[in-house]
Amino acid sequence: MRSYKKLLSCIITAAIGISNICLPVSAVDRYVNDTPITTSQTYGNYTYMEDYRGIYINSYKGTEATVDIPAQINGIQVYGINSNAFYNNTSVKIITIPDSVQFIGYNAFFGCSNLKMVLLPTNLKTLRADAFIGTACINNQTTPIKYVGTSPFKPNTKTWIVECEEDVSSVSIDPEAKHIGGNAFDTSYNLKSIAIPGNIISIGDCAFSNCTKLQSITLSEGIETIDTWAFYNCTKVKNVTIPASVTFIGEDAFGYTYKDVGDDTDYHVKISGFTISGYAGTAAETYAKENGFKFINLGAVSYTKGDVNQDGKIDISDATAALNIYALTSAMLNLNNYTDIQLKAADINENGSVELQDASAILNYYAHSIAGLNPTL
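I will try to describe carefully the structure that is included in this document.

Reading the values: the criteria
Residues numbered from 1 in each chain as written. Predicted model: local features only at pLDDT ≥ 70, side-chain atom pairs only at ≥ 80, totals over all residues. Heavy atoms only, no water. Helix = DSSP H or I, 4+ residues; strand = E, 2+ residues; numbered from the N terminus. Buried < 20%, exposed > 50% of the residue type's maximum accessible area, 1.4 Å probe, protein only. Contact = heavy atoms within 4.5 Å. Pairing = 2+ DSSP bridges. Axes fitted to C-alpha atoms, helices over the stretch in contact; angles between N-to-C directions. Parallel < 35°, antiparallel > 145°, perpendicular 65-115°, else oblique. Nonpolar A, V, L, I, M, F, W, Y, C, P; charged D, E, K, R; others polar. Phe/Tyr/Trp six-rings, centres within 6.5 Å; stacked < 30°, edge-to-face > 60°. Lys NZ or Arg CZ within 6 Å of the ring centre and 35° of its normal.

Each helix and strand in the protein was counted, giving 7 helices and 23 strands. Evaluated residue by residue, the protein yields a buried proportion of 47% over its 377 residues. If you take every contact in the protein between residues at least 6 apart in sequence, the share linking residues at least 24 apart comes to 39%.

The next point concerns the sheet that holds strand β19 (residues 248-249). Sheet architecture is open: 6 strands sit in the order β11-β12-β13-β15-β17-β19, paired in mixed fashion. Single-partner strands in this sheet number two, and they are β11 (145-148) and β19. The sheet contact formed by strand β12 (residues 160-164) and strand β13 (residues 179-180) spans 2 bridges and is parallel. Among the inter-strand pairings, Ile 161 is bridged to a residue of β13, identified as Ile 180.

Before going further, it helps to examine the packing of helix α5 (residues 316-330) against helix α7 (residues 356-370). Contact geometry of α5 with α7 gives a least axis separation of 8 Å together with a crossing angle of 175°. By the angle class used here, α5 and α7 are roughly antiparallel. Residues Ile 316, Asp 318, Ala 319, Ala 322, Leu 323 and Tyr 326 of α5 pack against Leu 356, Ala 359, Ile 362, Leu 363 and Tyr 366 of α7. In the contact of α5 with α7, the residues fall into 10 nonpolar, no polar and 1 charged.

Attention shifts here to the packing of aromatic side chains. Summed over the entire model, instances satisfying the criterion amount to 15 aromatic pairs. An angle of 10° between the planes, with centres 5.3 Å apart, marks the rings of Tyr 87 and Phe 110 as stacked. Highlighted residues: Tyr 87 in the loop between β6 (76-81) and β7 (94-96) and Phe 110 in the loop between β8 (103-104) and β9 (117-119), separated in sequence by 23 residues. For Phe 110, a relative accessible area of 26% corresponds to the partly exposed category. Through pairs of rings, three or more aromatic residues link up here, namely Phe 185, Phe 208, Phe 231, Phe 254, Tyr 256, Phe 274, Tyr 287 and Phe 293. Geometry around Phe 293 places Lys 270 over its ring, the cationic atom sitting 5.5 Å from the centre.

Pasting the structure below:
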């Protein structure tokens, strides 16, 4: 792994030289710095730990009513808030989490009974189970679905779904919502159907796990990631159609339950007859094949050359993705995190492999675009 990261760093450096474009430092640091620091340290009222991604807040012992979590500690970005970090802190009423934070762990703000206003980071990628259970900002909401937001002008907007009441059989997701947090619906045991609209970008780990009465899942175009165990043990769901926009499906996300074999031992088994419908070359087909599920091909999906992450535009993130694919291939590592469509979009010269020249072409396209020219690929 160390050799892979060094290789990727060299590739990025070479590509910058070719294209005269400066990649964000984070694009390099994310792969190059692989020396974690695991000793707990103190910064004011915080204790924290550090790994190659940045700093994780372990605990907060302050009594302030308003808390602004720092974006950096000693010049290093704060990347995450670990499990139980603010557990049962009844002093905090308003909290702002900086955009550097991409991870919030289990029970992070559990029992903060006076916490009435939360501003989540716009870059948040992972929100674990029960992070805001027992807080005023959740308890004061009267709708079945509970939300937490990211807007500095409307701190209690509905960006993230964090919880749903137990006794509902169906719900309607607010069009303002963007993400479903981990385990958000896992106690909604009476839920029979769910329609997830296209405004939702990500579905967190175990989001609907153990919804054993759930019979119907509708996933709309626009959803991009479906995390591990998202619909685990939904035993009445026999088929699902996965849109082409989905680029990542986590382990055992669909079609699995467990079997009790005694001695407090369970093991995973497939739901008999489970079927996946989707488009050729997408994450749906990959997941079906890797897990041995029947796949119904809905046809080929179109793609835009150069738009590797399939977000509708060609920019620096696509060049970085192409570089990553090239580095993985050169290091003879697997490409499981990329769909066939993404690999085709990255293969600019259409020679059957993603090379440094392909990444360079995307970088140059981006450079010409921001210069107001009309580039082509």
